[in-house]
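The chain contents come next:
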Amino acid sequence: MSNLFKFETLKRDFLNSLSQNQLQLLKDISLYSSCITDFLFRHPEELFYIENSLNQPLLGRDKLIQESLQLLTIPRDDEFISKLTYFKMKHFSRIVAKDIYKKHSLIELTEEYSYLADACFEVAYRRAYKKNVEKYGTPLEEDTGNVASGCVIALGKHGGTDLNYYSDVDVMYVYSAEGKTEKNLSNREFFIKLFTDVTTYITKRNFEGITWNVDLDLRPEGKKGLLAYSIPFIESYYWSVGRTWERHMLIKARHAAGDERVSNEFLSIITPFVYRKSLTKEIVDEIFSMKKMIEESAKTRSKNEIDIKKCEGGIREIEFTVQVFQLLHGGQNPALRERETIKALKNVVKAGLLTQEDGEKLEEAYIFLRNLEHIIQLKNCIQTQVFKLENADEYAQKMGFKTTSQFLETFNTHRKNVKSIFDRIAGKEEKKYTPLQTYIFTKQNEEEAVEYLQNLGLKDGKWALNVILEIFNNPEYFLLSEKEKNSLLDYIPNLEKHIKESPDRESFLINVNKLFVEGNIYRLFLSALENKSSLVDFILEIAKTSDYITNIISKDTEVIDFAFSSSGRPLIDEKDFLKELSIIKLEDKLDALRKLKKIAEVLGVLDYFANIKFYSPVARLKKLNNIITNLSDFILKTLYTINEGKDFAIYGLGKLGSREMNVGSDLDLIFVFKDENAKLHYSKIPQKIVQDLTKYTKEGQLYQIDLRLRPFGKAGELSPSLEFYRNYFSKDARIWEVLAWTKARFITGDETVKEEFERLIKEFLFSVKIDKSFNEEVLDMRLKLEALTRETEDVLDIKLGKGGITDIEFMVQMFYLKNKQRKTGIIEGILDFDPDVLDDYVFLREIETRLRLVKGSSTSKLSKEDRMTARIADTFGMDLKTFWNKVKNTKERIRLHFLRQFK
């Protein structure tokens, strides 16, 4: 199909009206660029403008701006936007035509094209400024009272006046100072609104296409940053947290649009930041680390495609070679502070930093590759630097070569020359960088970083990259020294290894992000790195294993200090709790208890994980249960004292009673009064204790309360008397309550009430006849509980399901009843009754514990398809299949023991 197919089909009369030279011009343009052909199809009169311009001088920046400002008279924004795109395409077409016919050098044309971008930003800025002043009033500087103004800073190839035909325009938006408008809008809000309009004018798609693609990622704080920053912020930012890659980027910074005085102030601030009079070893090392990253990213992936920008011997290596000399020597030699690449290269040669021969090789290669880049981009009007070898014949012809082989030989020679010179800069270094490191360090090659993360097993590489970038875009990270930043960067391959090995990579990454961004563990982590402490791996192990603990410690820096300090041993008993409570500086006694609970639970859990490979399963489980149970007892005793409890006792049932409290466990509470008179006077105290336990504050909640085990369940009264229980036990208690009350344990309160209530409980438990009928009723009750849960081949319930924890609890409770033993613990009952099931019971209890530590929920179900199950398996050092089979076999053995007991 002819490149002029649309003209031949729909505008043949126009073609027939053209002179031979005009027709040839149209054919040549259509051969090189489909989008300019489309533009001329919409606006054929512009062909004559292009023809008339071919032999005319370039317009230059001032004339382009002067012409663009004529668009300010357009009343409506939508019309202005389309006319702005028209203006850009008209001059773009003019520049490309001059390029095709070699009327000017590459450097002259890219400079003109860069100034075309300036003109578009200038008219967009002036329109947006006028619009926002009319709406919000004139912005005034707080300190001086002068009118505040803004500017557009050109960066990248735009800043270096090296802009290629389909490059994004890299810019930064800056305003003079903070203050307020006449209508009391802050200057920050005013200029953000103004520059939002500027961006919209430049980037909004319309009938003519879009004017430019704008990239704002090079601004301070990157994508997370504000749209515009004041000069005082800029100065503070670059001189306190600016990185070497930002110095590298700012080499090309220049005024593009807006108030040139603001741009000049910006440039006066960043020039000494970019061009240091003296360089530390860390800065020099970082410069050459960037070189190594460019080398790593330059490796060609496909034999049939070559990225002429990123490849070995490509455009980026030429630019970096020049910029290295600028960074290293520009502080002492102002002549090196040149934005445009070829001009800067010539100055490097003049300074004696490169030989004349090397300078010429780099210049020839740069011009060759940039011309080829434009030809590649013009073909389909897209931003690409990929040279497809299948198109080599076409490129050779357009580049003016007689044969394709001659073209390819020249191409390869230039690349070899560039690579040779590039390699000689600081020699070869041993350190290698991953694509993720490279992107974090240079903000280049995002696609490679995304693909790399997906290869590590993450489902959404783009999402994962953003989660990781939050760590490196956080204000706390910017406050680190260069050495500390480099240490964190160097650790990334280890982090990648943890990601790859994690059974739930997404949750692990979220938790690592929380610890750094919310928990601010930067300096703690770096200190551990410097001291080669095992704490580093331990921190990541917590992130991999426990969402629950990660959430707690990331939201409370005091807890982090306790958790990872060298003296962070667990708080075990009342003595430890009292000592810690005396240290906690909170006036509210309940908040102090809530803080204590967080600290004690976290330290207990961390101790559990730290000793997971050293303690026996029974020992580590009992230690964690004791810590959390002792803590619950202490809090209840403290609340009894604070509320001036009198003439009643508090008992625990369930896990509290059996001293098997776990992270996140409810409290099964029983309140019992001495008599009706005591209840009449003090009944509000148990209510107050329940309120204190369940109330939420910024320090969290102490406990959730489960009162279902009290007489008549939720419908029963909160705190009956001893006489009530005497009647209830003798008349109304059901079989299941007999088993439940075997776990009843005194926590705190009146000793006389305790003595009498203990007598009533023993009488209730041991007066029951344990005969066949009772046995059958208990078995029936257990099977009904089992029916409440739905187990399948892929879903198991380790508590209520067949062979679950409840099987063993029922067996032990029956053993206590038969032998009239007033004990509450399950493990000690197993040791007396059937030690063969101890390991199986502890295994299921440890699964239950780790389920709680992963999510903080009280679920007892495992799903084969849930990644949480894989995480639990990983904590046992098993793969999912091995773990799943072990759980099934454990439950089968327990069920056999259970059936032997009851049948």
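Everything here concerns the structure above.
Residues numbered from 1 in each chain as written. Predicted model: local features only at pLDDT ≥ 70, side-chain atom pairs only at ≥ 80, totals over all residues. Heavy atoms only, no water.

A. Quick peek at the pairing of strand β3 (residues 169-175). Burial analysis of β3 places seven of its seven residues in the buried class, which makes it a mostly covered element. Of the two faces of β3, the one carrying V169, V171, Y173 and Y175 and the one carrying D170, M172 and V174 are both buried. Summarising the sheet, strand β2 (residues 150-154) and β3 pair through five bridges and their orientation is antiparallel. When the sheet's bridge partners are listed, G150 is paired in β3 with Y175. The pairing of β3 with strand β5 (residues 214-215) spans two bridges and is parallel. Residue pairing for β5: V169 is matched across the bridge by V214. (Buried < 20%, exposed > 50% of the residue type's maximum accessible area, 1.4 Å probe, protein only. Helix = DSSP H or I, 4+ residues; strand = E, 2+ residues; numbered from the N terminus. Pairing = 2+ DSSP bridges.)

B. Expanded view of helix α31 (residues 574-583). For α31, the full list of buried residues reads D576, F577 and E580. The buried residues of α31 occupy one face: seen down the axis, they fall within an arc of 95°. What points out from α31, more than 90 degrees from its buried face, is the exposed set K575, K579 and S582. (Arc of directions from axis to C-beta.)

C. Broad picture of the state of the cysteines. Summed over the entire model, instances satisfying the criterion amount to one disulfide. Through a disulfide, C35 is tied to C381; the S-S separation comes to 2.4 Å. Measuring handedness by torsion sign, the sulfur bridge of C35 and C381 sits at about -95° and is left-handed. Note that C35 is positioned in helix α4 (residues 34-42) and C381 in the loop between α17 (356-380) and β9 (386-388), a separation of 346 residues in sequence. C381 carries the same exposure label as C35, and that label is buried. Of all cysteine sulfurs in the structure, the one in C35 sits closest to C120, which takes part in no disulfide; the separation is 15 Å. (Disulfide = S-S within 2.5 Å.)

D. Region of the structure containing the packing of aromatic side chains. The final tally for this structure, using the stated rule, is 56 aromatic pairs. The interplanar angle of 50° and the centroid separation of 6.2 Å between the aromatic rings of F815 and Y816 together place this pair among those described as tilted. Overall, F815 belongs to the buried group, its relative accessible area being 14%. By relative accessible area, which is 2% here, Y816 ends up buried. Taking the centre distance of 6.2 Å and the plane angle of 70° together, the rings of F843 and F883 count as edge-to-face. You can see F843 sitting in helix α43 (residues 838-855) and its partner F883 sitting in helix α45 (residues 880-902), a full 40 residues away along the chain. (Phe/Tyr/Trp six-rings, centres within 6.5 Å; stacked < 30°, edge-to-face > 60°.)

E. Representation of the packing of helix α26 (residues 505-518) against helix α28 (residues 535-545). Interaxial distance between α26 and α28 falls to 7 Å at its minimum, and their mutual angle equals 125°. It follows from the interaxial angle that α26 and α28 lie oblique. Seen from above, α26 lies across α28 with right-handed handedness. Touching S507, F508, N511, V512 and L515 of α26 are I539, L540, A543 and K544, all from α28. (Axes fitted to C-alpha atoms, helices over the stretch in contact; angles between N-to-C directions. Parallel < 35°, antiparallel > 145°, perpendicular 65-115°, else oblique. Left-handed = near helix turned anticlockwise from the far one by under 90°. Contact = heavy atoms within 4.5 Å.)

F. Highlighting the nonpolar core. Judged by nonpolar contacts, the single largest core of 117 residues is most densely connected at Y238, L250, F266, I270 and L693. The greatest single-element share of this core, amounting to twelve residues, is contributed by helix α32 (residues 589-610). (Core = buried A, V, L, I, M, F, W, Y, C linked by side-chain atoms within 4.5 Å.)

G. Just the pairing of strand β7 (residues 254-258), in detail. In terms of residue burial, β7 counts as a mostly covered element, since five of its five residues are buried. By the bridge criterion, four bridges tie β2 to β7 in an arrangement that is antiparallel. Its bridge partner lying in β7, I153 is registered against H255.

H. Just the environment of K88, in detail. Assignment of secondary structure puts K88 in helix α7 (residues 77-100). What makes K88 buried here is its relative accessible area of 8%. Put simply, K88 and E892 are 804 residues apart on the chain and 76 Å apart in space, counted from C-alpha to C-alpha. Contact partners of K88, with chain neighbours within four places excluded, come to Y113, L116, C120, T211 and W212.

I. Inspection of the side chain of H43 at higher detail. Position of H43 relative to the elements: it lies in the loop between α4 and α5 (46-53). Classification of H43 as buried rests on a relative accessible area of 12%. Not counting residues within four places of it along the chain, the set of residues in contact with H43 comprises Y86 and E208.

J. Local environment of the sheet that holds strand β10 (residues 648-653). In spatial order, the strands read β12-β11-β10-β13; together these four strands make up an open sheet with mixed pairing. Only two strands of the sheet have a single neighbouring strand rather than two, namely β12 (705-706) and β13 (745-749). Of the pairings in the sheet, the one linking strand β11 (residues 667-673) to β12 comprises two bridges and is parallel in character. Counted as the bridge partner of L667 is I705 from β12.

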